[in-house]
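Listed below, chain by chain, are the residues.
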Amino acid sequence: MTDILIIEDDPEMGQIIKDFMIKEGFSARLCPTAEEALELLEGESFGIVLLDVMLPKMNGYETCTAIRKKRDIPILMMSAMTDERSKLLGYETGADDYIDKPFSIKVLTAKVRALMKRSSGGEQSGKLSGCGIELDTSSRIVTRDGAELKLNAKEFELLRYLMEHSGEAVSKDELFNAVWGCDCFTEPSTVSVHIRWLREKIERDPNSPQVIRTVWKVGYRFGEQK
């Protein structure tokens, strides 16, 4: 398995990232287009994808969606588009983290290490259920009343953590540290955004949530209070 797949159409930038990652002890492949990268992913395994947003033909958001349909692999988006809407779109299409260009190579490396560490941390297989929701930690399939729900990686991890602590009030900081990690450079406010997206998928009425309830001045709770 190769540690890092870099999808970057700027040959100079791509080579800088690749050379530095190799210097840091990672193995890396560089692809200038999404199409070439997706073909590589069909036959090879990678630990993480570094994905530029502004790619020729198929852009980074489309590429992220395509990868998520086939692989549960950490994806770190790299982009000069630093507005909130662009970042939220990245998370919505399945990115695990986002870094603004221009960036510090050292910060990029820290993000890569954090994502790979959490990804390789190991998972206990089993099933969680409640409020009509069933979550299989092994297959990573989530269903509501028997119908499969399409959750992105962070939505899945948020739901799993809340279900593991069903009936308990979980703070936003606790959720952030559990899902993104305390060594992640993402803003903690992203928890609220992902909870909103998650509710839109699992609640019958997202405007009146019954599965994931808000605990005032604390955070959130899955199901009824213990």
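Structural notes, computed from the coordinates. Keep in mind the model is a prediction, meaning the values are calculated, not measured. (Residues numbered from 1 in each chain as written. Predicted model: local features only at pLDDT ≥ 70, side-chain atom pairs only at ≥ 80, totals over all residues. Heavy atoms only, no water.)

The next point concerns helix α7 (residues 172-179). Note on helix geometry: an α-helix contains 3.6 residues per turn, so any two residues three or four positions apart are oriented the same way. Listed in full, the buried residues belonging to α7 are Leu175, Phe176 and Val179. All buried residues of α7 project into a common sector of 100 degrees when viewed along the axis, lining one side. (Buried < 20%, exposed > 50% of the residue type's maximum accessible area, 1.4 Å probe, protein only. Helix = DSSP H or I, 4+ residues; strand = E, 2+ residues; numbered from the N terminus. Arc of directions from axis to C-beta.)

On to the packing of helix α6 (residues 153-164) against α7. The geometry of α6 relative to α7 is characterised by a closest axis approach of 10 Å and an angle of 125 degrees between their N-to-C directions. Taken together, the axis directions place α6 and α7 in an arrangement best described as oblique. The chirality of how α6 crosses α7 is right-handed. Two secondary-structure elements touch here, α6 through Lys154, Glu157, Leu158, Tyr161 and Leu162 and α7 through Glu174, Leu175, Ala178 and Val179. In terms of residue class, the contact of α6 with α7 is built from six nonpolar, no polar and three charged. (Axes fitted to C-alpha atoms, helices over the stretch in contact; angles between N-to-C directions. Parallel < 35°, antiparallel > 145°, perpendicular 65-115°, else oblique. Left-handed = near helix turned anticlockwise from the far one by under 90°. Contact = heavy atoms within 4.5 Å. Nonpolar A, V, L, I, M, F, W, Y, C, P; charged D, E, K, R; others polar.)

Spatially, four strands are ordered β6-β7-β8-β9 in an open sheet, and the strand pairing comes out antiparallel. The open sheet has two edge strands, β6 (127-130) and β9 (147-149), and neither has a second partner. Each strand of the sheet is rotated relative to its neighbour by a mean of 25 degrees, with strand direction disregarded. Bridge count for strand β8 (residues 141-144) against β9 is three bridges, and the pairing is antiparallel. Looking at β9, one finds that Thr143 is bridged to Glu148. Sheet strands in contact with α6 are β6, β7 (133-136) and β8, and its direction is about 110 degrees off that of β7. (Pairing = 2+ DSSP bridges.)

What follows is about the sheet that holds strand β4 (residues 75-79). On the basis of which strands lie adjacent, the open sheet formed by five strands has the order β2-β1-β3-β4-β5 and parallel pairing. Only two strands of the sheet have a single partner each, and these edge strands are β2 (28-31) and β5 (97-100). When strand polarity is set aside, the average angle formed by the axes of neighbouring strands in this sheet is 20 degrees. Summarising the sheet, strand β1 (residues 2-7) and β2 pair through four bridges and their orientation is parallel. Considered in β2, the bridge of Ile6 is made with Leu30. Its contacts with the sheet put helix α1 (residues 11-23) on β1, β2, β3 (46-52) and β4, and the angle it makes with β2 is roughly 175 degrees. This element, helix α2 (residues 34-43), spans β1, β2 and β3 of the sheet and lies at about 160 degrees to β1.

Our next topic: α1. Between its terminal C-alpha atoms α1 stretches 18 Å, which fits the 18 Å expected from 13 residues at 1.5 Å a residue. Taken together, the buried positions of α1 are Gly14, Ile17 and Met21. Buried positions in α1, seen along its axis, are confined to an arc of 65 degrees and lie on one side of it. Among the exposed residues of α1, those pointing more than 90 degrees away from its buried face are Pro11, Glu12 and Lys23. For α1, the side-chain oxygen to backbone nitrogen distance between the N-cap and Glu12 is 3.0 Å, and the N-cap itself is Asp10. (Expected span 1.5 Å × (residues − 1). Polar contact = N/O pair within 3.5 Å; in protein donor to acceptor, adjacent residues only side chain to side chain.)

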